[in-house]
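# Structural overview for review
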Amino acid sequence: MDTTLTDWAKLRAERTLAETEEYLVLDKPAGVSVTGERHETDLVRIAKEAGEQLIPVHRIDKVTSGVVLLARTQAAHGPLTRQFALRTVHKTYLAITRSLGLPPAGTVDLPLCVGRKNRIRVGAPREDITFDPEAARWSVPEASVRSRSYPSLTTFTRAWEGGRHTLMALYPTTGRRHQIRVHLAWIGHPIAGDPLFPAPDGPSSDGAVRTCLHAWRLSFDDAQGRRVTVSTEPTGEFWAPVAAELAPLDRVSLLPRLGAGDP
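Owing to the predicted nature of the structure, the values given are computational and were not obtained by experimental measurement.

Reading the values: rules and limits
- Per chain, residues are indexed from 1 in the order of the written sequence.
- Given that this is a predicted model, residues contribute local features only at a pLDDT of at least 70 and side-chain atom pairs are listed and counted only at 80 or more, while totals for whole chains, interfaces and linings are drawn from all residues.
- Hydrogens and water are ignored here; the side-chain numbers use all heavy atoms of the structure.
- Only DSSP runs of H or I with at least four residues qualify as helices, and only runs of E with at least two residues qualify as strands; both kinds are numbered from the N terminus onward.
- In what follows, salt bridge is the name for a side-chain nitrogen of Lys or Arg lying within 4 Å of a carboxyl oxygen of Asp or Glu.
- Each residue's exposure class comes from its accessible area (1.4 Å probe, protein chains only) as a fraction of the maximum for that residue type: buried when under 20%, exposed when over 50%, partly exposed otherwise.
- Any pair of N or O atoms that falls within 3.5 Å is considered a polar contact. Within protein, one atom must be able to donate a hydrogen and the other to accept it, and sequence-neighbouring residues count only if both atoms are side-chain atoms.
- Two residues qualify as a contact provided that any one of their heavy atoms is within 4.5 Å of a heavy atom in the partner residue.
- Strands qualify as paired when DSSP identifies two bridges or more between them.
- Multiply 1.5 Å by the residue count of a helix minus one, and that product is the helix's expected span.
- This arc is built from the directions going out from the helix axis to the C-beta atoms.

### Some remarks on unusual backbone geometry
Phi angles above zero are rare outside glycine, and Lys117 is one such case at about 55 degrees. Its place among the elements puts Lys117 in the loop between strand S7 (112–114) and strand S8 (120–122). Despite not being glycine, Asn118 shows a phi value in the positive range, around 65 degrees. The residue Asn118 is located in the loop between S7 and S8 in this model.

### Overview of the pattern of salt bridges
Enumeration over the complete set of coordinates arrives at 12 salt bridges. The partner of Asp61 in a salt bridge is Arg181, and the shortest N-O contact between them spans 2.7 Å. Taken as a pair, Asp61 in the loop between strand S3 (55–56) and strand S4 (65–71) and Arg181 in helix H4 (residues 179–186) lie far apart in primary sequence, 120 residues in all. Like Arg181, Asp61 is buried. Residue Asp194 pairs with Arg181 through a salt bridge whose shortest N-O separation is 2.6 Å. Residue Asp194 is found in the loop between H4 and strand S13 (213–221), and its partner Arg181 is found in helix H4; the two are separated by 13 residues along the sequence. Asp194 gets classed as buried once you look at its relative accessible area, which sits at 1%. Through salt bridges with shared partners, a single ionic network connects Arg12, Glu19, Glu52 and Arg72.

### Re the side chain of Asp222
Relative to the assigned elements, Asp222 resides in the loop between S13 and strand S14 (227–231). Here Asp222 falls in the buried class, since its relative accessible area comes to 10%. One polar contact links the side chain of Asp222 to the main-chain amide nitrogen of Gln224, over a distance of 3.0 Å. What Asp222 contacts, discounting residues up to four positions off in sequence, is Glu22, Tyr23 and Val228.

### Quick word on the environment of Leu24
By secondary structure assignment, the location of Leu24 is in strand S2 (residues 23–28). Residue Leu24 is classed as buried on the basis of its relative accessible area, which comes to 0%. Between the C-alpha atoms of Leu24 and Glu233, which are 209 residues apart in sequence, the distance is 18 Å. Among residues more than four places away in sequence, those in contact with Leu24 are Trp8, Arg12, Thr16, Ala18, Glu19, Glu52, Leu54, Val68, Leu69, Leu70 and Arg72.

### Overview of the pairing of S2
For S2, the buried fraction is high: six of the six residues fall into the buried class. Judged by which residues are buried, S2 turns out to be covered on both faces: Tyr23, Val25 and Asp27 on one side and Leu24, Leu26 and Lys28 on the other are all buried. Relative to S2, strand S1 (residues 16–19) runs antiparallel, the two sharing three bridges. Bridge pairing links Ala18 to Val25 in S2. The loop that links S1 with its antiparallel partner S2 comprises three residues. Here S2 runs beside S4; their pairing, made up of six bridges, is antiparallel. The residue of S4 that forms the bridge with Leu26 is Val68.

### Regarding helix H3 (residues 74–86)
Taking 1.5 Å of rise per residue, the 13 residues of H3 would be expected to cover 18 Å, and the 19 Å separating its terminal C-alpha atoms lies within 8% of that figure. Ala76, His77, Leu80, Gln83 and Phe84 are the residues of H3 that are buried. Looking straight down H3, one finds its buried side chains confined to an arc of 130 degrees; they lie on one side. What points out from H3, more than 90 degrees from its buried face, is the exposed set Gln74, Ala75, Arg82, Ala85 and Leu86.

Structure below.
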């Protein structure tokens, strides 16, 4: 692992987005897990080895960058976690797909389950997925859903479309593992650079240098009931597949308009 990702003092100094006695919000770099790594290190372990105890309130994938919320005390952890369980937390992700043809807005309503080799997949046969163009909704008939599948819902807006790629803002209502990545891949719009769903003509054929998924914005309530919204823009590596088509100034103008679509 890159040593710059294991220096807690540096990570904390450069990537703290918000902090109180109850919580710490970090801009997690792609390439480091939040917690639970068996053979490599993770944010929680890096912090602990530097003398700071943190408790994850939620997780984002190792390959995903962006906003992550960590509790600083056990007392703060419970109320924050309950907000995710009650779905009062609003999450907005940015993704670049290696595809075209998405509707301006849509809903992916596909249950997820654990398949062979512990891989997350849609809990129904692929051929049973249907698209309703009038509602812009992907779903499967109830009779097709496999046992031990969990309802999973992602809504999105299309922000920009280029020659080969599409920029999306996504709002997952549920928080299943790999939800956005699996949902987009199974409807035929996989995320650029995603190692779970590599491009058929090679992993670098879409110009991506990492998985182009970024946790852009998170809204939750603090202990006093005040609404807290934290956001962080993705780095240049995220934009690599569309760098030649979407200039930095254009990206800056796009993001505020996307914010208006938050649930």
